[in-house]
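Chain by chain, the residues run as shown.
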Protein chains: 4
Amino acid sequence: MIGGGEGAFIGAAHRHAAGLDGHYQLVCGAFSRNEDNNQRTADSLDIHDDRLYNDWQTMLEREAALPEDERMQVVVIVTPNHLHVPISVAAMKAGFHVFCEKPAALSLDEAKSLASAIQGQPSLYGLAHTYLGYPMIWQARQMVADGQLGRIRKVFVEYPQGWLSAKEETDNKQASWRTDPSQSGDSGCMGDIGTHAFGLAEFVLDDVVTELCGVLHTHVEGRRLDDDGAALLKTQRGTTGVLIASQVCAGEENPLSIRVYGEKGGLEWRQMEPNSLIYRPAGEPYQVLRAGLGQAGLCDEAVRRCRVPGGHPEGYLEAMANLYTDFAAAIRGKLTGTAPGVPGIAEGVRGMAFIDAMLKSTDSDQKWQSVEAVGTVKK
Amino acid sequence: MIGGGEGAFIGAAHRHAAGLDGHYQLVCGAFSRNEDNNQRTADSLDIHDDRLYNDWQTMLEREAALPEDERMQVVVIVTPNHLHVPISVAAMKAGFHVFCEKPAALSLDEAKSLASAIQGQPSLYGLAHTYLGYPMIWQARQMVADGQLGRIRKVFVEYPQGWLSAKEETDNKQASWRTDPSQSGDSGCMGDIGTHAFGLAEFVLDDVVTELCGVLHTHVEGRRLDDDGAALLKTQRGTTGVLIASQVCAGEENPLSIRVYGEKGGLEWRQMEPNSLIYRPAGEPYQVLRAGLGQAGLCDEAVRRCRVPGGHPEGYLEAMANLYTDFAAAIRGKLTGTAPGVPGIAEGVRGMAFIDAMLKSTDSDQKWQSVEAVGTVKK
Amino acid sequence: MIGGGEGAFIGAAHRHAAGLDGHYQLVCGAFSRNEDNNQRTADSLDIHDDRLYNDWQTMLEREAALPEDERMQVVVIVTPNHLHVPISVAAMKAGFHVFCEKPAALSLDEAKSLASAIQGQPSLYGLAHTYLGYPMIWQARQMVADGQLGRIRKVFVEYPQGWLSAKEETDNKQASWRTDPSQSGDSGCMGDIGTHAFGLAEFVLDDVVTELCGVLHTHVEGRRLDDDGAALLKTQRGTTGVLIASQVCAGEENPLSIRVYGEKGGLEWRQMEPNSLIYRPAGEPYQVLRAGLGQAGLCDEAVRRCRVPGGHPEGYLEAMANLYTDFAAAIRGKLTGTAPGVPGIAEGVRGMAFIDAMLKSTDSDQKWQSVEAVGTVKK
Amino acid sequence: MIGGGEGAFIGAAHRHAAGLDGHYQLVCGAFSRNEDNNQRTADSLDIHDDRLYNDWQTMLEREAALPEDERMQVVVIVTPNHLHVPISVAAMKAGFHVFCEKPAALSLDEAKSLASAIQGQPSLYGLAHTYLGYPMIWQARQMVADGQLGRIRKVFVEYPQGWLSAKEETDNKQASWRTDPSQSGDSGCMGDIGTHAFGLAEFVLDDVVTELCGVLHTHVEGRRLDDDGAALLKTQRGTTGVLIASQVCAGEENPLSIRVYGEKGGLEWRQMEPNSLIYRPAGEPYQVLRAGLGQAGLCDEAVRRCRVPGGHPEGYLEAMANLYTDFAAAIRGKLTGTAPGVPGIAEGVRGMAFIDAMLKSTDSDQKWQSVEAVGTVKK
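Residues numbered from 1 in each chain as written. Chains lettered and ligands numbered in written order. Predicted model: local features only at pLDDT ≥ 70, side-chain atom pairs only at ≥ 80, totals over all residues. Heavy atoms only, no water.

Named according to an unreviewed UniProt entry, chain A is Oxidoreductase originating from Alteromonas halophila.

Structure follows, in structure tokens:
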């Protein structure tokens, strides 16, 4: 693991998720550039001193020099964003599998360069678009694909957080790097959570956003990156919609949600109650499909992402664990490229194409901005 | 009552609402141009034959000729939209109070002409923006005005219905005139329900939308008016937001909702559970304020719009009845113009200014379209 | 109307409910023994002085002396409980229809005497078991009757209010008479709201509770009647269940609810969201049936109790108005006894049999107490 | 691990929970008496053949013979109930820590014998009352203890499942042993889930149920144990309440819930939305306290049981993992007896005392049955 020292929420989340299904063991780390933090983190995680490294370069080099059955197999990258690409490229070139926190890169150009660099490497690249690990998201995608809603007309996806409503204090590690362009990239809120919303919409629809009309705002004075934004969307198949992402919706926690409407019905999913998927067939009472083993109406892709019977709630860490488990299966299966079931470089490039279009649209007086058709096959 | 024959939902709703608090008695009507329907409606409502009229012109004329203590006092207009202005003008000129179903007019120009025509008339004009009769909407407005949320940054208002997901059948009276431009005006969905969403946002914020970037869509083939749309919004005080209105969100009933976020917290209200107002003060557990007599934390304007103690749900008809009751109080108080607590011509003109801007924005490649500053005082 | 002066919640509720559908006009009253209150109430309701009476005896006498087409037709009784029977008997003997707030009587014996006294009278007796006016309660009853749940095994009905958590102040008119045995009867909470829960269970199941094991508690020191209680239940058809009623569940509003489970599925209804009925067919996703005109899956009895399309919430006053409207239809149809669709003396006697059994069970060391088989036909 | 072969839900749950926080490694097992199942399970879990055992006796013996730094430290018991005591006693006598699925024993007598047998052993005994691992349960307990609700008057705890609504098929491993008295004990539903409800009530109240009036039912013909029941409760401190547990509430998943009401307010928690705790202070809007790092209003015991910020849902496996993590901390701290934060033999004995009282009460005509005052200190 690179990054994830004390005080870094997402590093701990990755460790929990990787441990849940028993496929991973944490063997080494370069958790923090701060030596004390690095050591304390290692101690708390029972990492031996000879597998604790001061920086990621040393870690890659020294691990690569170990005998094959002793060295780490997967590098988990949970650093600030600006290190995602350099580490990913170096790690894959050194023969390690990479599982990287999102976003894939700081910019669309950097994401493309990453895609080129890792093209053809013999190891795997996975991207932690965690919300794509939820069973009911796969259920929604399947119902859309099966035509249960008919042709899709509308998509509303939103992600209104509140935790950046006040100016970040300088000692809030979470907030401070996220609002620093050199570490976070050219977008704040859109890069941090807008990409989740965007990726969720494209995934559930299995469609490509081709144009958007977007605005980014910075509501908190003195902040250097956007903390809020919204966009009107058009997709290749003719669906229209709205995307909202904000980190100044004071009082809100993490209510990512998606609603999809077709000719014959609609679906609604809310991350804060992730085990329910509301299905509204036109002209019938609405239904609530529920995650869990043995639950009625679920497709195989949803069921295999559940661990316990219905009514025993699973959550965010289980969603992330689903990505880790599929990644482990791909490693065992000696696959290369992207692991089935795990978001990869294609999703990473899409996310950056979205950010790129949002930035351009914000600067433009023209209504519609095309989203570059990269990172995904045409439908 | 003019309009509201058999099969017309909104006419019956007005009758229930007017009856709820005991301030009105239905004394005469011209319910339908269809003579049979007109007669049947009159019979079911115990309207004497000599107070049943074949058309609204006759009704105004004959009622005006009755002795003052016998003739009707208020004309309720629940016809298709294209008759709203002609009847309103004629009725007010004949000295009657007018309570009109929304929208006020077919177009911004017609709304302005209505405003001019009724300016200075000695009677009252009320507009059934029913959702502004809900107690918790007044509570929300008060909390915003009191600064409980701090400066307002965001507003999200949406109204996603599903009932026009399929092509209207020719015998669906509700659907057919609503999608006929000559009866409904230049906008379908936006005129029918988008105006509700728009008016709700301006009311709760007590602010004016100055610019928008909007799109209207017609998803159902062969339909002559929009059935869906969305807009990015900017207000005079610097709030930004999103408005969504649609009648092709298959499976949805009538989930009008508004969310408002300021520097210090947020509010959320959903019409389908209208007695709850979620208040999210930043950094504290969220609270649910509840409508009802004797409930904690409610402002006077909210309490006086409740009839029963908390936990005894009130709904849509009670909201409309609140408008009727305030209208009755203004009549008794011999007020002119607009009744306090009741939306009037100002709100009517605002709604049409919104439609006008949406139509222009849809036709334009430019991102931002100004909303004409009419129908409301500058803040 | 007898009772219902200023400060009496339920009187106003009855007036709103009677007005909602336009079938009633308030023509006379004896609203309060307090002369000032009586006069003020009359004034606010536009009751002429010559139809305002100082006491109910005078009102019955003088109204009976009026010409038939001038006098009142229906007496609405909204007094404290101890007057329900005397007024009901006198009014029916004087030829008036009676619509009485529940409970029907102070005790089982008094209820039986009422039943005898009004037996064969040419007018109608209705009892305001308001919750039986909700459309989704009729829907639930129908689904049970149709066997959609299979044989019924379990019923849970509960009514946990909080408003009597503190000792009532002497000037709280609502609370003070309810806790005075001479005005309220031998039971406080059970008589006030337990009877609603009991009646709801028997109505939805269309079954008869034959035995119960109950306890009544008085949690607030110095209170003379029970403010809380619970019972285990057995019905004639072999359903078992639990009934809870309390007025010391601090913080609760009015969350009456019922859940019913059969071999093939379950139903759940909550009064504070009365337009939804959750239907859980075993082995399928659960569904939510929704009240409203044009809604899918509703039986005729449910639909005819709705006024507006789905998504426009109806509530408590509409439920009560449904009883009033059915009562009006029975009057117009010149029926006698009990109006179809309206709870009557049978339900009244059942409620008192329940209270009687609860009181006996509380005083007994034996587990099971039979509930007297009166007030209802054997199934 | 003993038990937990293929098809056994709870064994897999324990493995996930133990893995989540990285404190455990699965080193050996006797997963099934069926040799094939045992082998397949071991293979899927990467257990070496030399640490896979045919029966638990062999496992205890052989592991005890290994060098201290190689042998297992903790025995996890996830067998049918009748083996819980024999294995627990043997394992603790062999010096291993024991973490046992509930119930602790088949009967109150057996539970007492277990308590005696393990008294003074140098290792730890933990019992998987998983629901006591939820952060918001600790929050509720703390709020009660702090007097935020005032003196507690009422507790309602219920656990209405539906999965045994139909007769279990002989090949449903989950259902079949649970309804076999020789494997499950003298109670079915009450032993399986009633004990959870009972333990939850005593834990949140920090009080002792002293008397109950209970009934057990067997609704499904041919079933040998109860599948449903309910009880009226009295506690030492004067709280009264109701407990419901059922496995024939067709259509229900796993909606364990608890509501507590005191003089000054109430609390409500529902396992299927475990991250919310509804707090209803009398005379104020109700609040929803939310689990998560950095959330407002949470006590230390709640916060330290959370892994991620608010809005990232945690669930059932995280609750169980909280028990495992506290158990690991106690092992590292070389504690004996019961691990702080983990239910132990005292809770186990209480659960069996409850079952014992339910069985006696069911067989009795007397209303109240005392619950033996064992397994817990007097308050």
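1. Focus: the interface of chain B and chain A
Contact with chain B, which involves 42 residues of that partner, is made by 42 residues of chain A. Here chain B packs against chain A, burying approximately 3,300 Å² in sum over the two surfaces, 57% of which is carbon and sulfur. Considering only the surface of chain B that becomes buried against chain A, Arg-153, His-219 and Lys-367 of chain B emerge as the three largest contributors, covering 20% of it. Where chain B meets chain A, there are 6 salt bridges. Close ionic contact of Glu-252 of chain A with Arg-280 of chain B constitutes a salt bridge, the shortest N to O distance being 3.0 Å. Taken together, the links from chain B to chain A amount to 18 residue pairs in polar contact (both at pLDDT 80 or more). Counting only elements with at least two residues in the side of chain B that touches chain A, the list comes to strand E5 (152-160), strand E6 (209-217), strand E7 (228-235), strand E8 (240-246), strand E9 (257-262), strand E10 (265-270) and helix H12 (345-362) of chain B. Broken down by element, the side of chain B that touches chain A gets its largest block of residues, 5 residues, from E5 of chain B. Looking at side-chain class alone, the side of chain B that touches chain A contains 15 nonpolar, 13 polar and 14 charged residues. (Contact = heavy atoms within 4.5 Å. Buried area = accessible area lost by both parts, 1.4 Å probe. Salt bridge = Lys/Arg side-chain N within 4 Å of Asp/Glu carboxyl O. Polar contact = N/O pair within 3.5 Å; in protein donor to acceptor, adjacent residues only side chain to side chain. Helix = DSSP H or I, 4+ residues; strand = E, 2+ residues; numbered from the N terminus. Nonpolar A, V, L, I, M, F, W, Y, C, P; charged D, E, K, R; others polar.)

2. Brief notes about the interface of chain D and chain C
Often, the extent of an interface is quoted as the loss of accessible area on bringing the components together. Taken together, the contact between chain D and chain C spans 42 residues of the former and 42 residues of the latter. For the chain D and chain C pair, buried surface summed over both sides reaches about 3,300 Å², with 57% attributable to carbon and sulfur atoms. Area buried by chain D at its contact with chain C is led by Arg-153, His-219 and Lys-367 of chain D, which between them contribute 19% of it. In this structure, the connection of chain D to chain C is made through 6 salt bridges.

3. A look at the sheet that holds strand E3 (residues 97-100) of chain B
Residue and element names in this part refer to chain B. The strand order across the open sheet formed by 4 strands is E1-E2-E3-E4, and the pairing between neighbours is parallel. Single-partner strands in this sheet number two, and they are strand E1 (2-3) and strand E4 (125-127). Across 2 bridges, the pairing between E1 and strand E2 (residues 74-78) is parallel. In the strand pairing of E2, Gly-3 is matched with Val-78. Those strands touched by helix H4 (residues 84-93) are E1, E2, E3 and E4, and its axis lies near 160 degrees from that of E3. (Pairing = 2+ DSSP bridges. Axes fitted to C-alpha atoms, helices over the stretch in contact; angles between N-to-C directions.)

4. Comments concerning the pattern of salt bridges
Residues and elements named next belong to chain A. All told, the structure shown has 100 salt bridges over all chains when counted by the stated rule. Note that Glu-268 and Arg-280 form a salt bridge whose closest N and O atoms lie 2.9 Å from each other. Placement of Glu-268 in strand E10 (residues 265-270) and of Arg-280 in strand E11 (residues 276-281) is noted, with a sequence separation of 12 residues between them. Judged by relative accessible area, Glu-268 falls into the buried class, the value being 9%. (Buried < 20%, exposed > 50% of the residue type's maximum accessible area, 1.4 Å probe, protein only.)

5. Details of the sheet that holds strand E2 (residues 74-78) of chain D
Here we have 4 strands laid out as an open sheet, ordered E1-E2-E3-E4 (chain D), and parallel in their pairing. On the outer flanks of this sheet lie strand E1 (2-3) and strand E4 (125-127) of chain D, each paired with one strand and no other.

6. Section: the relation of the copies chain D and chain C
By a simple turn and slide, chain D fits onto chain C: the slide is 0.0 Å along the axis, the RMSD is 0.0 Å, and the turn is 180 degrees. Classification of the inter-copy transformation places it as that of a two-fold axis. Across chain D, the smallest distance between a C-alpha and the rotation axis is recorded for Lys-367 of chain D, namely 2.0 Å. When the interface residues of chain D are mapped onto chain C, 100% of them are again interface residues, pointing to one common binding face. (Least-squares fit on C-alpha atoms with pLDDT ≥ 70 in both.)

7. Quick notes on the pairing of strand E6 (residues 209-217) of chain D
Residues and elements named next belong to chain D. In terms of burial, E6 is largely enclosed, as 7 of its 9 residues are buried. Two elements, E6 and strand E7 (residues 228-235), share 8 bridges in a ladder whose sense is antiparallel. Opposite Val-215, over in E7, you have Ala-230 as the bridge partner. Where E6 meets strand E13 (residues 369-370), 2 bridges bridge the pair, whose relative direction is antiparallel. Its bridge partner lying in E13, Leu-212 is registered against Gln-369.

8. Some points on the domain arrangement of chain A
All names here are of chain A. Examined at the domain level, chain A breaks down into domain 1 (2-131) and domain 2 (133-310 + 342-362). Placing a centre on the C-alpha atoms of domain 1 and another on those of domain 2 gives a separation of 26 Å. Across the contact, 29 residues belong to domain 1 and 30 residues belong to domain 2. Roughly 2,400 Å² is buried in total at the junction of domain 1 and domain 2, and carbon and sulfur atoms are behind 61% of that figure. With its nearest N and O atoms 3.5 Å apart, the salt bridge here joins Lys-102 to Asp-192. Every element with two or more residues in the side of domain 1 that touches domain 2 is listed here: helix H1 (9-20), helix H5 (108-118) and strand E4 (125-128). (Domains from an automatic or database assignment.)

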